[in-house]
Amino acid sequence: MNNRDIIVMGLQSWDIDIGSNCINIAREFAKKNRVLYVNRAVDRISWYRNRKDPKTIRRIQSVKGLAEDLVQVENNLWTLDPRIVQESINKLPGLLFRRFNKQNGKKLAGAIADACKRLKFSDPVLFVDNDFFRGVHLKEYLNPAFFIYYIRDFLHLQPYFKKHGRACEAAIMAKADLVVSNSSYLAAYAQQYNPDSYDIGQGCDFTYFSPDRTYEIPDDLKTIRQPVIGYVGTLVGFRLNIRLLETLAERRTDWSFVFVGPEDEDFMRSRLHQMKNVFFLGRKDESELAAYVSYFDVCMNPQLVNETTMGNYPRKIDEYLALGKPVVATYTDFMVSFEGYVFLCNNVDEYEQNIQMILQAPVNRETVEKRQRFALSHSWENAVLKMYNLYNTLTSNGKGR
């Protein structure tokens, strides 16, 4: 796909504080195409509840005409803060939700079409990342030359999306000319609704996780006793196995368990906070994370096994491996693809046994380099190239407008 105009929209706005697949893909698109990245339009509830949040303030200023709605942020890449207010409709019953969601979609499409006109976009390709609520009606209102939907999570199972999510996601996948995912598990799920659904793999941005760099130990790690068993990422109870962590930390008081990232209420209320060998270091800037991982003796990803996590591609695994670290993770259907590079565990006993084995084994340089090569093969360039190849095949067979 070269010299095309592409509209990109996802759940995460350009100014998000954490890493984003959608932003990474948009940047890869922009190497050879012009890209319009659509930020989340402010909704009526957020206008009042979050009006002091800097991101919401920017959206409101755009709506009021006090700030530019269309801004060039990189070469070939613009962001749009739509000058509309979306109705907050998630709690409405099905019929009313569908009616108002269609109105929201029409308003959003109008703002996007206006920005495309100002940018002189021609026959754009539409790419929607997991945003089935806002995106479900964009194809009919924007009439793009080709529509790609990207599924990277079972988002419709999460509490906020559960009421209307499954129906909306099924509808948007059926409308798409191509559905792509970051795992074979999710691709198989999508094929129920669209036969042109494919796994393109996962990319990872290794800007801050370079195996060639030497990192200084962070100050708040210096006083923590080794060995350190560490986790980096958002700590949420419906994704991570809190009970397993509590049991493991109780058994192994000679190990230090370090968590780097923001916590939800489930973690805040957990017994982990009462344990002297457990340390919560809080949210860190993305540029700081590799320094923490570098000084973990073992990295972990203790997922809960449920519908949400079974097909999930945890990017942190690639980040851990890029630095050559040994990793223990919960066995899921998807994680089998990491077998040979990650120690997979079915229960707390296997976590303890594998960590013990890792700590007792000498560091093997060949094993470290093997992990690094495997992780670095998961680039956004490779993932997007697979998407381009699928696009070229389908368009040559008459798919799209």
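Before reading on, note that the structure itself is shown above.
The structure reproduced in this document is the subject of the present report. Only a predicted model underlies this, so the values are computations on that prediction, with no experimental measurement involved.

Right, let's talk about the overall build of the protein chain for a bit. For the protein chain, the helix and strand inventory stands at 16 helices and 14 strands. Against the globule reference of 21 Å for 401 residues, the protein chain gives a C-alpha radius of gyration of 22 Å, in line with a compact fold. Along the first, second and third principal axes, the C-alpha atoms of the protein chain reach 60 × 45 × 40 Å. Of all 401 residues assigned to the protein chain, the portion counted as buried reaches 56%. Put simply, of all contacts in the protein chain between residues at least 6 apart along the chain, 70% involve residues at least 24 apart. In the structure as shown, the protein chain presents an accessible area of about 18,400 Å², 49% of it carried by carbon and sulfur atoms. Within the protein chain, the 48 negative side-chain charges are centred at a point lying 7 Å from the centre of the 53 positive side-chain charges.

With that settled, the discussion passes to the sheet that holds strand β5 (residues 125-129). Taken together, eight strands build an open sheet; the order of strands is β3-β4-β2-β1-β5-β6-β7-β8 and the sheet is mixed. Either end of the sheet is taken by a strand with one partner, and the two such strands are β3 (70-74) and β8 (197-199). Ignoring which end each strand starts from, the neighbouring axes of this sheet average 25° apart. In this sheet, strand β7 (residues 178-181) lies alongside strand β6 (residues 146-151) in parallel orientation, the contact comprising four bridges. Following the sheet pairing, I151 is matched in β7 by S181. The sheet contacts of helix α1 (residues 21-29) involve β1 (5-10), β2 (34-38), β3, β4 (77-80), β5 and β6, and relative to β1 the element is tilted by about 175°. Lying over the sheet, helix α16 (residues 380-396) contacts β5, β6, β7 and β8, oriented at roughly 160° with respect to β7.

Here we take up the packing of aromatic side chains. All chains considered together, the criterion is met by 22 aromatic pairs. Relative to F133, the ring of F97 has its centre 5.4 Å away and its plane inclined at 65°; by these criteria the two rings are edge-to-face. You can see F97 sitting in helix α4 (residues 94-119) and its partner F133 sitting in helix α5 (residues 132-135), a full 36 residues away along the chain. Neither residue differs from the other here; F97 and F133 are each classed as buried. Pairwise contacts between aromatic rings join F97, F132, F133, Y160 and F161 into one cluster. Looking at K370, its charged tip hangs above the ring of Y341, at a distance of 5.2 Å from the centre.

On to the environment of Y160, then. Its location among the elements puts Y160 in the loop between β6 and α7 (165-175). Spatially, the C-alpha atom of Y160 lies 9.2 Å from that of K91, the residues being 69 residues apart in sequence. Each residue touching Y160, except ones within four places of it in the same chain, is listed here: N90 and F133.

A separate point is the packing of α1 against α16. A pair of packed helices is captured by two measures, namely the crossing angle of their axes and the spacing between those axes. In the contact formed by α1 and α16, the axes pass within 10 Å of each other and the chain directions differ by 70°. By the angle between their directions, the pair α1 and α16 is classed as roughly perpendicular. Note on element contacts: α16 touches α1 through W380, E381, V384, M387 and Y388, opposite N21, N24, I25, E28 and F29. Across the contact of α1 with α16, the residue classes tally to six nonpolar, two polar and two charged.

Tracing the chain through its elements places D318 in helix α13 (residues 315-322). Buried charge D318 goes without a salt bridge, the closest partner of opposite sign being R315 at 8.0 Å. Excluding residues that lie within four positions of it along the chain, D318 makes contacts with C204, F206, Y313, F338, A375 and H378.

Another point: the sheet that holds strand β14 (residues 343-345). Across the sheet, which stays open at both edges, the six strands sit in the order β11-β10-β9-β12-β13-β14 with parallel pairing between neighbours. Edge positions in the sheet fall to β11 (278-282) and β14, since each has one partner strand and no second. Across the sheet, the mean angle from the axis of one strand to that of its neighbour is 25°, orientation sign disregarded. Where strand β9 (residues 228-232) lies against strand β12 (residues 298-301), two bridges are found, and the strand directions are parallel. Along β12, the bridge assignment pairs I229 with V298. Along the sheet, helix α14 (residues 348-360) makes contact with β9, β12, β13 (327-330) and β14, crossing β14 at roughly 160°.

Relative to the elements of secondary structure, E216 occurs in the loop between β8 and α9 (219-222). A relative accessible area of 70% places E216 in the exposed class.

Of all hydrophobic cores here, the largest spans 57 residues; its most connected members are F257, F296, I317, F338 and V342. The residues touching I317, leaving out its near neighbours within four places in the chain, are N301, V327, A329, M335, F338 and V342. Listed in part, the 42 residues of the second largest apolar core include L36, V38, I112 and F161.

Moving on: the packing of α13 against helix α15 (residues 365-376). It is the contact of α13 with α15, at a shortest axis distance of 7 Å, that shows an interaxial angle of 140°. With respect to their mutual orientation, α13 and α15 come out oblique. You can see that α13 and α15 cross each other, and the crossing is left-handed. Contact residues: α13 offers D318, L321 and A322, while α15 offers R371, Q372, F374 and A375.

What follows deals with unusual backbone geometry. The omega torsion of the bond from Q226 to P227 falls at 0°, within 30 degrees of zero and hence cis. Inspection of the secondary structure puts P227 in the loop between α9 and β9. In this structure, N76 is a non-glycine residue whose phi angle is positive, near 70°. Its relative accessible area of 22% is what places N76 among the partly exposed residues. Although it is not a glycine, N143 adopts a positive phi angle of roughly 50°. Mapped onto the secondary structure, N143 falls in the loop between α6 (138-142) and β6.

Definitions and limits used
- Residues numbered from 1 in each chain as written.
- Predicted model: local features only at pLDDT ≥ 70, side-chain atom pairs only at ≥ 80, totals over all residues.
- Heavy atoms only, no water.
- Helix = DSSP H or I, 4+ residues; strand = E, 2+ residues; numbered from the N terminus.
- Rg over C-alpha atoms; globule rule 2.2 N^0.38 Å.
- Buried < 20%, exposed > 50% of the residue type's maximum accessible area, 1.4 Å probe, protein only.
- Contact = heavy atoms within 4.5 Å.
- Areas by Shrake-Rupley, 256 points an atom, 1.4 Å probe, with all protein chains shown as cover.
- Lys, Arg positive; Asp, Glu negative; His and termini not counted.
- Charge placed at Lys NZ, Arg CZ, Asp CG, Glu CD.
- Pairing = 2+ DSSP bridges.
- Axes fitted to C-alpha atoms, helices over the stretch in contact; angles between N-to-C directions.
- Phe/Tyr/Trp six-rings, centres within 6.5 Å; stacked < 30°, edge-to-face > 60°.
- Lys NZ or Arg CZ within 6 Å of the ring centre and 35° of its normal.
- Parallel < 35°, antiparallel > 145°, perpendicular 65-115°, else oblique.
- Nonpolar A, V, L, I, M, F, W, Y, C, P; charged D, E, K, R; others polar.
- Salt bridge = Lys/Arg side-chain N within 4 Å of Asp/Glu carboxyl O.
- Core = buried A, V, L, I, M, F, W, Y, C linked by side-chain atoms within 4.5 Å.
- Left-handed = near helix turned anticlockwise from the far one by under 90°.

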